[in-house]
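What follows is the residue order along each chain.
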Amino acid sequence: MIVTSVCDPALFDPSLLENKYAMDSLTSTLRNMMQYHLPVIDSGDAISKATQKRLQDHPALQMRYSALLQPGRIVRIPADISRVQRLEEWIGSEPATAVACSENPIVDVLLASDDTLAAMTEENIDSRKTVALHNFSGSCWFKDDSCKKIGGMTKEQFLSEIIRPVVRCAEKVTIIDKMIIRAAFGDGGNPSGKPGANWSSFKKSILAVHDEWVKGLHQGNGLFEIITWPVTHVQKDGKALLKDDLAKELGKRLSIPFSHLRVIFKSEHKFRADMHDRYLVTNQGIVLGFSKGFDLFASNTLGTCDVYLRKPDSLISMLMSPSNDCGKLEPKKK
C-alpha cells in the first residue's frame, strides 16, 4: 500500500520535458506517488536540488514535485560516496546519487531514466528494483490499492505487505484502539484486572507492529504510542488503579520498553459513539484504518478485516491532541 522510492533527477532533464508524452507520464507518476509513496532523498539534498533546478521552466510540474516532498514525508538517507564516484563519470553526480541511495534496503524502487539504467547495466549494478518511466504504470510499484482485504493472510504476509512499509521509516507510530484497555484488564466485574481472553492476541499484534518499527530506519529512536479508553474497575492495594498509574500498568503488560513507549487514555466520548474502526498513524501523515480491533493474530491466519489508507482528519487530530487526557505514561529517557 505504501512504497519508498527514489526519483532520478535525470527524468526531469529539459531535453526530455520537451516531449509531451514524457510530461504527461511524469505528471501521472507524481500524482500516484503523492498518494502512495514516501520520497527518499539523500542527506545532502543533491537529488531534490538538482530536480528543482531542472524544473525551473515548468512551474506546473515543479509545483507537483514540491508537493510530493512534504517535509514530514521525506525519508533522508546518506548516499554511498564511493558508489556515487564510480557512477558519476557515466551519468552525472545527481543521478549517481539517486542510484546510490536506491541501494539502501529501506528503498523499494528507483524510478530511473534510460541513460541511468544503461549506466547501471554497464557497471553490472543490480536493477531489479529499478523501473523506467514508461514502464512505471504497469509495474508493481504503481499503487492503486487504497483498501485491502487481509483475511486469510499469514502474519508474515500482513507484516511485510501492510505494516512494514508504513512503519519502517516513521519516527513516531500511534495505535488507536478503544478496546485495548478492556482486553488488558477485563470487564467491569473484574476488580483484579485479570486480562481478557483476547489479550494475548492484542499483545502479540501490537508487539509485532512495534518490532517492525524497531527494525526500521530509526531503530526505535522515537515514540511508540498507544491511545485507548480508561477503565475504573481495577483495584490495587484496596484502591482503584486510575489515570497515570493505570497507564503505567498497561505499559508493563504490553512489555514494550518504557524508553520509547507512551500510553494515553482518552475519555469514551472523545472516541465518538459511532467510531468502530481502529487506526495506525505515523508522523509522516499516513493513517491506516482497520475494520476490526488489533487482536489480529488470534490464529495462524488473519480473520476478516479491511485495511485502508485515509487522510488525517479532525477525529484523528482530536484523539492525538495532548489536551483532555485521562491518564498518561510518558517514556523514560534513554
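You'll find the structure just up there.
In this text the structure is predicted, and so the values were computed from the model without any measurement.

Undergrad: Just to check I follow, could you spell out the overall build of the protein for this structure?
TA: Scanning the protein from N- to C-terminus turns up 13 helices and 15 strands. Along the first, second and third principal axes, the C-alpha atoms of the protein reach 75 × 40 × 40 Å. The buried share of the protein, reckoned over its 334 residues, is 51%. By sequence separation, contacts in the protein at least 24 residues apart represent 74% of the contacts at least 6 residues apart.

Undergrad: So what exactly am I meant to see when it comes to the pattern of salt bridges here?
TA: Oppositely charged side chains can form a pair if their charged atoms are brought close together. Following the criterion strictly, the structure yields 22 salt bridges and no others. A salt bridge links D126 to R128, with the shortest nitrogen-to-oxygen separation between them at 2.7 Å. On the accessibility criterion, D126 (45% relative accessible area) is partly exposed. Overall, the relative accessible area of 71% leaves R128 in the exposed class. By sharing partners, the salt bridges in this structure join K172, E225, R262, K266, D325, K328 and E330 into a single network.

Undergrad: Even after reading the chapter, I still don't get the sheet that holds strand 5 (residues 130-132), so can you show me in this structure?
TA: In sheet architecture, strand pairing relies on hydrogen bonds along the backbone and comes in two forms, parallel and antiparallel. Across the sheet, 5 strands lie side by side as 3-2-1-4-5; this open sheet has parallel pairing. One side of each edge strand has no neighbouring strand; the edge strands of this open sheet are strand 3 (75-77) and strand 5. Going across the sheet, the axis of each strand differs from the next one's by a mean of 35°, ignoring polarity. Summarising the sheet, strand 1 (residues 3-7) and strand 4 (residues 109-112) pair through 3 bridges and their orientation is parallel. Each bridged residue has a counterpart across the sheet, and for C7 the counterpart in strand 4 is L111. Contacts from helix 3 (residues 46-54) reach strand 1 and strand 2 (37-42), with the element oriented near 100° to strand 2. Along the sheet face, helix 6 (residues 93-102) touches strand 1, strand 2, strand 3 and strand 4 and points at about 160° away from the line of strand 1.

Undergrad: Could you clarify how one ought to interpret a positive patch on the surface in this entry?
TA: Positive charge collects at one region of the surface, where K236, K248, K252 and K332 lie side by side. Here K252 lies in helix 12 (residues 243-254). The class for K252 is partly exposed, based on a relative accessible area of 48%.

Undergrad: Looking at this model, I keep getting lost on empty space enclosed by the protein. Mind explaining?
TA: Any empty space left between the atoms is revealed when a probe the size of a water molecule rolls over them. Counted by the stated rule, this structure contains 1 cavity of 30 Å³ or more. Volume-wise, the largest cavity comes out at about 50 Å³. Lining the largest cavity, in full, are S5, V6, C7, M33, P39, V40, I41, I47, Y65, L68 and L69. Breaking the lining of the largest cavity down by element, the ones donating at least two residues are strand 1, strand 2 and helix 4 (59-68).

Undergrad: How do you make sense of helix 5 (residues 81-91) when you look at a structure like this?
TA: In an α-helix, one turn spans 3.6 residues; hence positions three or four apart end up facing the same way. For helix 5, the complete set of buried residues consists of R83, V84, L87 and I91. Take helix 5 and look down its axis: the buried residues cluster within an arc of 90°, on one side only. Exposed and oriented more than 90 degrees from the buried face of helix 5 are I81 and E89. Where the residues of helix 5 are buried, they touch helix 6 and helix 7 (114-122). Immediately downstream of helix 5, the backbone of G92 shows phi near 90°, a positive value.

Undergrad: Would you mind going over the packing of helix 2 (residues 20-36) against helix 4 with me for this structure?
TA: What describes two packed helices is the angle between their axes and the distance between those same axes. Where helix 2 contacts helix 4, the two axes come as close as 9 Å, and the packing angle between them is 20°. Comparing the axis directions of helix 2 and helix 4 gives the class roughly parallel. Every pair of crossing elements has a handedness; the one defined by helix 2 and helix 4 is left-handed. The segment helix 2 lies against helix 4, with M23, L26, T27, L30, R31, M33 and M34 engaging L61, R64, Y65, A67 and L68. When the residues that make up the contact of helix 2 with helix 4 are grouped by side-chain class, the tally is 9 nonpolar, 1 polar and 2 charged.

Undergrad: How should the sheet that holds strand 13 (residues 287-290) be read in this particular structure?
TA: Pairing in this open sheet of 8 strands is mixed, and the strands run 6-14-13-12-7-8-11-15 from one edge to the other. If you trace the sheet from one side to the other, it starts and ends with strand 6 (147-149) and strand 15 (325-329), each paired once. Strand-to-strand twist in this sheet, taken as the mean axis angle between neighbours without regard to direction, amounts to 15°. In this structure, strand 12 (residues 278-282) lies alongside strand 13, joined through 4 bridges in antiparallel fashion. Counterpart to Y279 in the pairing with strand 13 is G289.

Undergrad: Just to check I follow, could you spell out the packing of aromatic side chains for this structure?
TA: Describing an aromatic ring pair means giving the distance of the ring centres and the angle of the ring planes. One pass over the full model with this rule turns up 6 aromatic pairs. Ring centres of F158 and F290 lie 6.4 Å apart, and the angle between their planes is 70°; this geometry places the pair in the edge-to-face category. With F158 in helix 9 (residues 155-167) and F290 in strand 13, the pair connects residues that are 132 residues apart, well separated along the chain. In terms of burial, F158 and F290 fall into one category: buried. For the ring pair W213 and F224, a centre distance of 5.7 Å and an interplane angle of 40° mean the geometry is tilted. Highlighted residues: W213 in helix 11 (residues 199-214) and F224 in strand 8 (residues 223-228), separated in sequence by 11 residues. The pair W213 / F224 is uniform in exposure class, with both members buried. Grouped by ring-pair contacts, the aromatic residues F158, F290, F294 and F297 constitute a single cluster.

Each value, and the rule that gives it
- Residues numbered from 1 in each chain as written.
- Predicted model: local features only at pLDDT ≥ 70, side-chain atom pairs only at ≥ 80, totals over all residues.
- Heavy atoms only, no water.
- Helix = DSSP H or I, 4+ residues; strand = E, 2+ residues; numbered from the N terminus.
- Buried < 20%, exposed > 50% of the residue type's maximum accessible area, 1.4 Å probe, protein only.
- Contact = heavy atoms within 4.5 Å.
- Salt bridge = Lys/Arg side-chain N within 4 Å of Asp/Glu carboxyl O.
- Pairing = 2+ DSSP bridges.
- Axes fitted to C-alpha atoms, helices over the stretch in contact; angles between N-to-C directions.
- Patch = residues over 30% accessible without salt bridge, like charges linked within 9 Å, V, L, I, M, F, W, Y side chains within 5 Å.
- Areas by Shrake-Rupley, 256 points an atom, 1.4 Å probe, with all protein chains shown as cover.
- Lys, Arg positive; Asp, Glu negative; His and termini not counted.
- Charge placed at Lys NZ, Arg CZ, Asp CG, Glu CD.
- 1 Å grid on protein atoms, 1.4 Å probe; cavity = no way out; pocket = protein on both sides within 12 Å on 5 of 7 lines; lining within 4 Å.
- Points joined across faces, edges and corners; volume = space filled by probe spheres on them.
- Arc of directions from axis to C-beta.
- Parallel < 35°, antiparallel > 145°, perpendicular 65-115°, else oblique.
- Left-handed = near helix turned anticlockwise from the far one by under 90°.
- Nonpolar A, V, L, I, M, F, W, Y, C, P; charged D, E, K, R; others polar.
- Phe/Tyr/Trp six-rings, centres within 6.5 Å; stacked < 30°, edge-to-face > 60°.

By themselves, these figures tell us nothing about what the structure is for.
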